Amino acid sequence: MYNVRKIEENINMRGEFQGLFLFDEPLSPRTTFKVGGGTPLLIEPQDETSFLIILEELERLAIPFFVLGGGSNLVVPDEGLPCPVISTKRLDRIFLSQDGRRLVCGAGCSWKQVIDFCIENKLGGLENFSGLPGSLGGAVFMNARCYDRSVSDVLLQARYAGPGRAGQATVETYTMEASHWDYKVSPFQRELAGSIVLEVAFAVVPLDDAAAQKMEEKAQSFVEDRQKKGHFSYPSAGSVFKNNREYGKPSGKIVDETGLRGLELGGAQVAPWHGNFIINKGNATAADIKGLVDLVQKTVLGKTGFLLEPEIIFFDKNQ
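Residues numbered from 1 in each chain as written. Predicted model: local features only at pLDDT ≥ 70, side-chain atom pairs only at ≥ 80, totals over all residues. Heavy atoms only, no water.

Asks: What's the story with the sheet that holds strand β15 (residues 236–239) in this structure? I'm lost.
Replies: Strand pairs in the sheet, formed through backbone hydrogen bonds, run parallel or antiparallel to each other. Taken together, four strands build an open sheet; the order of strands is β15-β18-β17-β16 and the sheet is antiparallel. The open sheet has two free edges, formed respectively by β15 and β16 (264–265), since each of these has just one partner strand. Sheet topology places β15 next to strand β18 (residues 277–280); two bridges connect them, and they run antiparallel. Across the sheet, residue Ser239 finds its bridge partner in β18, namely Phe277. Along the sheet, helix α7 (residues 286–304) makes contact with β16, β17 (268–270) and β18, crossing β17 at roughly 30 degrees. (Pairing = 2+ DSSP bridges. Helix = DSSP H or I, 4+ residues; strand = E, 2+ residues; numbered from the N terminus. Contact = heavy atoms within 4.5 Å. Axes fitted to C-alpha atoms, helices over the stretch in contact; angles between N-to-C directions.)

Following this line, the structure appears as structure tokens:
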């Protein structure tokens, strides 16, 4: 068993670390579902150097850890996580290349920060992601898709920390290769599994005043559409199941046609207005959400033969 105070002491002794150590920290406020337990140690580094120091120390001690972004697609178990958690929240710098066509963002940036920067600087190309919860690092990992545009459509490069070697974190750069990506699939789930996205570069387009105004209006229309669809009415993770083209219709419609809209389990409910949302009505547990996901999968499979694939990540405490 590791000593959380010793981890803090070892990291601080290096003299370069900037950030926060939080002990016995609840994680539910850091997820969009607002469920789950805590972690014995949450570390929130201020910058990339500090982030790498943490990686090196935890890997040197062979201590497992979990990296938390915006928590928008994650269900933390009710008993919490047994390992330290590293938050990317403060990796949030944003800057524009000199030619105005490459937007570089820290993995901890929220989409609101990015879209606001684009509006202020009259940059087009990312407006489809307006209103998307979570962090950029998570969006790259999941290859998030919004209004017919995926992260892989706009990604140029990603800097990432590879698995440590002998206690030394390695930072490498991934350059976009379309063959590595698919619908809600990224190389960070496969070829680069175990790597941690630190910074991303997106393709953007400088706009004149008229085009910038249209872009801003379009961005706002996507936020309003999400509001109308109830994305922000209750704590949730947005879409629960991936769409599968082989099934011939969206997963939400399949759930609706199976008669599951409004189904409840404990404090969790299939949203009465959308079959592909599961919401926390206020007192849901992580077990409620997992149980409801399993029940929907089983029911849909029995009635249609379709096995819906969740895009929510459930932490496996046995890993």
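Asks: What should I look at first to understand the packing of aromatic side chains in this one?
Replies: Counting across every chain of the model gives 10 aromatic pairs. Ring centres of Phe17 and Phe21 lie 5.0 Å apart, and the angle between their planes is 45 degrees; on these two criteria the pair is classed as tilted. A relative accessible area of 12% means that Phe17 is categorised as buried. Aromatic pair Tyr147 and Phe222: ring centres 4.2 Å apart, planes at 25 degrees, arrangement stacked. (Phe/Tyr/Trp six-rings, centres within 6.5 Å; stacked < 30°, edge-to-face > 60°. Buried < 20%, exposed > 50% of the residue type's maximum accessible area, 1.4 Å probe, protein only.)

Asks: What should I look at first to understand the pairing of strand β2 (residues 38–45) in this one?
Replies: Looking down a regular strand, the side chains alternate between one sheet face and the other. The buried count for β2 comes to seven of eight residues, which makes it a mostly enclosed element. As paired strands, strand β1 (residues 19–26) and β2 are joined by seven bridges and run antiparallel to one another. From the neighbouring strand, Glu25 faces β2, where its bridge partner is Thr39. Summarising the sheet, β2 and strand β5 (residues 85–87) pair through two bridges and their orientation is parallel. The residue bridging Leu42 from the neighbouring strand is Val85, located in β5.

Asks: Hey, could you run me through the nonpolar core in this one?
Replies: Soluble globular proteins tend to pack their nonpolar side chains together in the buried interior. Membership of the largest hydrophobic core comes to 32 residues, with the highest contact counts inside it found for Leu103, Trp111, Val114, Leu126, Val151, Val200 and Phe202. Where this core is concerned, the elements lending two or more residues are β7 (102–106), α3 (111–121), α4 (136–142), β11 (155–165) and β13 (196–203). Among the elements that make up this core, the one with the highest residue count is α3 (five residues). Those residues within four positions of Val151 in sequence are excluded, and the remaining contacts are Trp111, Phe129, Ala139, Val140, Asn143, Ala144 and Phe202. Core analysis: the next-biggest nonpolar cluster, separate from the first, contains 22 residues, Phe33, Val270, Ile278 and Ala286 among them. (Core = buried A, V, L, I, M, F, W, Y, C linked by side-chain atoms within 4.5 Å.)

Asks: Is there a simple way to explain the pattern of salt bridges in this structure?
Replies: Between side chains of opposite charge, a pair can form when the charged atoms approach closely. Under the counting rule described, the total for this entry stands at 20 salt bridges. Among the salt bridges present, the one from Glu44 reaches Arg30, with a minimum N-O distance of 3.0 Å. One end of the pair, Glu44, is in strand β2; the other, Arg30, is in the loop between β1 and β2, and 14 residues separate them in sequence. We classify Glu44 as buried; its relative accessible area is 5%. The network of salt bridges with shared partners includes Glu25, Arg30, Glu44 and Arg90. (Salt bridge = Lys/Arg side-chain N within 4 Å of Asp/Glu carboxyl O.)

Asks: I tried to follow the side chain of Ser135 on my own but got confused; where do I start?
Replies: In this structure, Ser135 sits in the loop between β8 (123–124) and α4. A distance of 3.3 Å separates a polar atom in the side chain of Ser135 from the backbone nitrogen of Gly70. Excluding residues that lie within four positions of it along the chain, Ser135 makes contacts with Gly69, Gly70, Ala107, Gly108, Cys109 and Trp111. (Polar contact = N/O pair within 3.5 Å; in protein donor to acceptor, adjacent residues only side chain to side chain.)

Asks: Just to check I follow, could you spell out the sheet that holds β5 for this structure?
Replies: If you trace the four strands from one edge of the open sheet to the other, you get β1-β2-β5-β3, paired in mixed fashion. Only two strands of the sheet have a single neighbouring strand rather than two, namely β1 and β3 (66–68). Between one strand and the next, the sheet's axes are offset by a mean angle of 25 degrees, whatever the strand orientation. Each of β1 and β2 is contacted by helix α1 (residues 4–13), which is oriented at about 175 degrees to β1, the strand it contacts most.

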